[in-house]
Amino acid sequence: REALLDAALGLAPRAALAPLASGAYAGEAAVYVDASGVGALFRSEEGFATALGVGAQKLGIPAVVALAGSQGVAHLLARSLTRLGPGAVRVLPAGGEAACLAPLPIDLLDPSDELAEALTRYGVRTFGELLALPRRALATRLGPGVLALVALAHGQPVEAQLPTPVRGRHAEAIDLDFALDRSEPLVFVIQGLLSRLLARLEARALACGDLALHLDLEGGGRDDRRIGLAAPTTDLRVLVRLASQALESHPPRAAVTGARVEAQGSPSQRDQLDLF
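Keep in mind that what you see is a predicted model, and the values were worked out from it rather than measured. (Residues numbered from 1 in each chain as written. Predicted model: local features only at pLDDT ≥ 70, side-chain atom pairs only at ≥ 80, totals over all residues. Heavy atoms only, no water.)

Colleague: Whenever I open this one, the overall build of the protein chain confuses me. Can you help?
Modeller: Counting its secondary structure elements, the protein chain contains 11 helices and eight strands. Relative to its length of 276 residues, the protein chain is extended, with a C-alpha radius of gyration of 24 Å against a globular reference of 19 Å. Residues counted as buried form 41% of the 276 residues belonging to the protein chain. A separation threshold of at least 6 residues defines the contact pool for the protein chain, and within that pool the share at least 24 residues apart is 64%. Counting every atom, the protein chain has about 15700 Å² of accessible surface; 52% of that belongs to carbon and sulfur. Charged side chains in the protein chain number 26 positive and 30 negative. The centres of these two groups are separated by 4 Å. (Helix = DSSP H or I, 4+ residues; strand = E, 2+ residues; numbered from the N terminus. Rg over C-alpha atoms; globule rule 2.2 N^0.38 Å. Buried < 20%, exposed > 50% of the residue type's maximum accessible area, 1.4 Å probe, protein only. Contact = heavy atoms within 4.5 Å. Areas by Shrake-Rupley, 256 points an atom, 1.4 Å probe, with all protein chains shown as cover. Lys, Arg positive; Asp, Glu negative; His and termini not counted. Charge placed at Lys NZ, Arg CZ, Asp CG, Glu CD.)

Structure representation (structure tokens):
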């Protein structure tokens, strides 16, 4: 989830994780992205959506992308695209929400069990069938929870503005299948964690400002250490070498069963080029 957010923030100034969802169409992660003004950078909204999918793919995340006039409609369209497989893109022009959503299954709205049972009783299986019901007695017969679903089905925005992201710490971790008591295989594992961490930082045009290494030890112990850096870097070889030296100078007191690396994202230092 955090890596998908990093991919989005590499292309847009504002993005936020959607709450965890359940149901048949719920994915492992979803991110809302502010697409206002993207035409100035990406020629078209389709180009921006494609760039988002490519950014997620670079981090090893199979994703679909949908653009619409509201977060809710975009999320519903993205869910409907999952059947097409990773890389699918859909841009919905303004004003076409109701017609586009009408044939989609009502399960995309994640109705509660009670509401889903009531809708089934009335034979409602799609968005269009929901909107065809008389509005006057809808809440009385199906409960107030149906009104939010109707607003979504109409394509009406029901969400707040996305927050500006705060630069924080990034982490990658792994639980090992068996304990490691030698430094060479442990460094190999840490190299994989650092590689994924740097990919996420580079997606947001950041460098590794400092590095913390946390090791879970056999028997329930823990080994925490901070690895100092002279300057922010995106050089994987440098970080692996520093981690290896830290482990060789002070080996863990027991076999390692899990590892976690954390870094503070910092802007890369730039060199002033000659004017000519």
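There's more to say after this.
Colleague: Looking at this model, I keep getting lost on the packing of helix H10 (residues 183-203) against helix H11 (residues 236-249). Mind explaining?
Modeller: In a packed pair of helices, the relevant descriptors are the angle between the two axes and the axis-to-axis distance. The geometry of H10 relative to H11 is characterised by a closest axis approach of 10 Å and an angle of 145° between their N-to-C directions. Pair H10 / H11 crosses with right-handed handedness. Contacts between H10 and H11 pair Leu186, Val187, Ile190, Gln191, Leu194, Ser195 and Leu198 from the former with Leu236, Leu239, Val240, Ala243, Ser244 and Leu247 from the latter. Grouping the amino acids of the contact of H10 with H11 by side-chain chemistry returns 10 nonpolar, three polar and no charged. (Axes fitted to C-alpha atoms, helices over the stretch in contact; angles between N-to-C directions. Left-handed = near helix turned anticlockwise from the far one by under 90°. Nonpolar A, V, L, I, M, F, W, Y, C, P; charged D, E, K, R; others polar.)

Colleague: I keep staring at the sheet that holds strand S5 (residues 169-180) and nothing clicks. Help me out?
Modeller: As summarised here, the arrangement of the four strands in space is S5-S8-S6-S7, forming an open sheet in which the pairing is antiparallel. For this open sheet the edge positions go to S5 and strand S7 (222-227), each flanked by a neighbour on one side alone. Each strand of the sheet is rotated relative to its neighbour by a mean of 15°, with strand direction disregarded. Pairing between strand S6 (residues 207-217) and S7: six bridges, direction antiparallel. When the sheet's bridge partners are listed, aspartate 216 is paired in S7 with arginine 222. Packed on one face of the sheet, H11 meets S6 and S7 and runs near 130° to S7. (Pairing = 2+ DSSP bridges.)

Colleague: Sorry, what's going on with the layout of surface pockets here?
Modeller: Regions of empty space are outlined by a rolling probe, equal in size to a water molecule, passed over the atoms. If you add up the space inside the second largest pocket, you get close to 260 Å³. Lining the second largest pocket are 13 residues, with Tyr32, His75, Arg79, Asp110 and Leu152 sitting closest to its centre. The element best represented in the lining of the second largest pocket is helix H4 (residues 71-81), accounting for four residues. Its residues assigned to classes, the lining of the second largest pocket shows nine nonpolar, two polar and two charged. (1 Å grid on protein atoms, 1.4 Å probe; cavity = no way out; pocket = protein on both sides within 12 Å on 5 of 7 lines; lining within 4 Å. Points joined across faces, edges and corners; volume = space filled by probe spheres on them.)

Colleague: Please explain the nonpolar core as it appears in this structure.
Modeller: A general feature of soluble globular proteins is that nonpolar side chains tend to end up buried together. Counting 28 residues, the largest nonpolar core has Ile190, Cys208, Leu211, Leu215 and Val261 as the members making the most contacts within it. Looking at this core, the elements with two or more residues in it are S5, H10, S6, H11 and strand S8 (256-266). With nine residues, the top contributor of residues to this core is H10. If near-sequence neighbours (up to four positions away) are discounted, isoleucine 190 is found in contact with Leu213, Ala243, Leu247 and Val261. One finds Ile106, Ala118, Leu142 and Val150 within the second-largest nonpolar core, a separate group that totals 27 residues. (Core = buried A, V, L, I, M, F, W, Y, C linked by side-chain atoms within 4.5 Å.)

Colleague: How should H11 be read in this particular structure?
Modeller: Given 3.6 residues to a turn, an α-helix orients residues that are three or four positions apart in the same direction. If you check H11, its first and last C-alpha atoms are 20 Å apart, about what 14 residues at 1.5 Å a residue would give, namely 20 Å. Taken together, the buried positions of H11 are Leu239, Val240, Ala243, Ser244, Ala246 and Leu247. Down the axis of H11, the sector holding all buried residues measures 160°, keeping them to one side. Opposite the buried face of H11, by more than 90 degrees, sit the exposed residues Arg237 and Glu248. Contacts made by the buried residues of H11 are with H10, S6 and S7. With a side-chain oxygen lying 3.0 Å from the backbone nitrogen of arginine 237, the N-terminal cap of H11 falls on aspartate 235. (Expected span 1.5 Å × (residues − 1). Arc of directions from axis to C-beta. Polar contact = N/O pair within 3.5 Å; in protein donor to acceptor, adjacent residues only side chain to side chain.)

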